[in-house]
Amino acid sequence: MYAMRLMLIGRLAGPIADAGRLALARGAKVAQAESPEQALAALRAGKGADAIFVEVGRCDIAALIAALEAERFVVPVIACGVDTTAEQAAQAIEQGARDFLPLPPDADLIAAILEDASGEGEARSMIASAPAMQAAVALAARVAPSAATVLITGESGTGKEVMARFLHKKSKRSDGAFIAINCAAIPEALLESELFGHEKGAFTGAAARRLGKFEEAHGGTILLDEVSEMAPTLQAKLLRVLQEREVVRVGSNAPVKVDVRILATSNRDMPAFVAEGHFRADLYYRLNVITLDLPPLRERVQDIPALAAHFAAHYAEINGLPTRVLSGAALRMLQAHPWPGNVRELENAVHRAVLVADGDDIGPEAILLDAGLGPQGEREAAAAKILGISIRALREKLNNAAA
Ligand SMILES: Nc1ncnc2c1ncn2[C@@H]1O[C@H](COP(=O)(O)OP(=O)(O)OP(=O)(O)O)[C@@H](O)[C@H]1O
Ligand SMILES: [Mg+2]
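So, here is what we can say about the structure in this document. Everything numeric here is computed off the predicted structure, so don't read it as measured data.

## Some remarks on a nonpolar patch on the surface
- Together, L321, L355 and V356 give the surface a local cluster of nonpolar side chains, amounting to about 220 Å² of exposed area.
- Examined against the element boundaries, L321 turns out to sit in the loop between α14 (303-318) and α15 (328-336).
- Residue L321 is classed as partly exposed on the basis of its relative accessible area of 31%.

## Re the site of ligand 1
- Close to ligand 1 lie 18 residues; S156, G157, K160, R344 and E347 are nearest.
- Separating an oxygen atom of ligand 1 from a backbone N or O atom of G159 is a distance of 3.1 Å.
- K160 has a polar side-chain atom sitting 2.7 Å from an oxygen atom of ligand 1.
- For ligand 1, whose free accessible area comes to 640 Å², the fraction covered by protein is 90%.
- Mapped onto the shell around ligand 1, the elements with two or more residues apiece are α8 (160-169), α14 and α16 (342-356).
- By residue class, the composition of the shell around ligand 1 is 6 nonpolar, 5 polar and 7 charged.
- When residues of the shell around ligand 1 are assigned to domains, at least three fall in each of domain 2 (122-295) and domain 3 (300-382).

## Observations concerning the sheet that holds strand β8 (residues 221-225)
- In space, the 5 strands of this open sheet follow the order β7-β8-β11-β6-β12, with parallel pairing throughout. Single-partner strands in this sheet number two, and they are β7 (178-182) and β12 (290-293). Direction aside, the axes of adjacent strands within the sheet are offset by 20 degrees on average.

## Quick look at the packing of helix α9 (residues 188-196) against helix α11 (residues 232-244)
- One way to put it is that α9 packs onto α11 with a least axis distance of 10 Å and a crossing angle of 10 degrees. For the element pair α9 / α11, the angle class is roughly parallel. Viewed along their axes, α9 and α11 form a crossing whose handedness is left-handed. For the pair α9 and α11, the contacting residues are E188, L191, E192 and F196 in the first and T233, L234, K237, L238 and V241 in the second.
- Its residues assigned to classes, the contact of α9 with α11 shows 5 nonpolar, 1 polar and 3 charged.

## So, empty space enclosed by the protein
- By the definition in use, this model includes 1 cavity of 30 Å³ or more.
- Taken as a whole, the largest cavity spans an internal volume of roughly 60 Å³.
- Along the walls of the largest cavity sit L43, G46, F73, E194, R210, L211, G212, K213 and E216, which together make up its complete lining.
- In the lining of the largest cavity, the residues fall into 3 nonpolar, 2 polar and 4 charged.
- A domain-level breakdown of the lining of the largest cavity finds at least three residues from each of domain 1 (5-118) and domain 2 (122-295).

Conventions adopted
- Residues numbered from 1 in each chain as written.
- Chains lettered and ligands numbered in written order.
- Predicted model: local features only at pLDDT ≥ 70, side-chain atom pairs only at ≥ 80, totals over all residues.
- Heavy atoms only, no water.
- Patch = residues over 30% accessible without salt bridge, like charges linked within 9 Å, V, L, I, M, F, W, Y side chains within 5 Å.
- Areas by Shrake-Rupley, 256 points an atom, 1.4 Å probe, with all protein chains shown as cover.
- Salt bridge = Lys/Arg side-chain N within 4 Å of Asp/Glu carboxyl O.
- Helix = DSSP H or I, 4+ residues; strand = E, 2+ residues; numbered from the N terminus.
- Buried < 20%, exposed > 50% of the residue type's maximum accessible area, 1.4 Å probe, protein only.
- Near = heavy atom within 4 Å.
- Polar contact = N/O pair within 3.5 Å; in protein donor to acceptor, adjacent residues only side chain to side chain.
- Nonpolar A, V, L, I, M, F, W, Y, C, P; charged D, E, K, R; others polar.
- Domains from an automatic or database assignment.
- Pairing = 2+ DSSP bridges.
- Axes fitted to C-alpha atoms, helices over the stretch in contact; angles between N-to-C directions.
- Parallel < 35°, antiparallel > 145°, perpendicular 65-115°, else oblique.
- Left-handed = near helix turned anticlockwise from the far one by under 90°.
- Contact = heavy atoms within 4.5 Å.
- 1 Å grid on protein atoms, 1.4 Å probe; cavity = no way out; pocket = protein on both sides within 12 Å on 5 of 7 lines; lining within 4 Å.
- Points joined across faces, edges and corners; volume = space filled by probe spheres on them.

As structure tokens, this is what we get:
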């Protein structure tokens, strides 16, 4: 079982340490930093974190988040506070905190926050009813324990990351870290140091040594998301890593051995992309030891009832609403839609339906199918702070229970 890595910023004697103890009791690895500067130094040194807890009032949250973003550390920041007013909590969220945790901490809230940050939820629920998906999951389960590199292909929103987490979880490295990096989201000039790290002074702005994602993933799994978008010079460097199993930090000549399982994803037609000369054939063959192709949702409508039921139950639970089934008419509506945004689009549609439905079941009137909203629009709607809503709902429930 993978241990969540939690970093606390604050005094060891302070109330935030109680949150650390509860997280430890839940099996998380907890590190502590006295200041945001100390926390950043630890992150540069390759001490990864899946969540940062920081005390409101003891630290400038906006500045911390800006510093993390400037160095491209993607870690959710959870603001914590004793006797914090609703305005202060709302302000922390506005400043970019993922959520707010009242101190002294509640064990259930800590559990919910840790589960969200670790992505455990997704790994647990790999739904597959359609024969094509069942075949993909069966193949994944067979190859997961091996060291083989796996290329996961499929349209946007088909579940490539869910599949990658499933492979990691079923592997012999499930105790190690799962580190995902989106190769399309990071400018070419930065991606190399992001992947392989850099030495102090390697380039303007490299104020300190920083370990790359490969070193951070040592003993675990790295997911190279949208690997097809990597620039040609980096493709050559990645090929070398796959061949030699070592990385060279930017500004260094000394190779560092890394023991990492490599998974990659792409939503392109890779053979065609290679034939057109956009992606190195030799790298493609190295990545493509096993290919798992996830069919678009419109080609596996048998999955829709199970997925919809799963999302309906999930979003009812985290929003503190009673679980209701989808009516026959609602299901027929879902099964007739082409789902250009695939499972992600279905998830958003069901989430919305759960929130707006007001009958004993979820009827077609609660379902909004936006014909004009493609995968990109869906992606933006997912960025809609779903956890923020859910944790707040959970907190309200706890408060009501206490009152
Ligand atoms: N088989 C599944 N069972 C349960 N949930 C799923 C499944 N497939 C996808 N999902 C959910 O759908 C959403 C999209 O999945 P995911 O992020 O893995 O897609 P993706 O293929 O990586 O998309 P993109 O190409 O845009 O990065 C997630 O919220 C995920 O939890
Ligand atoms: Mg993805």
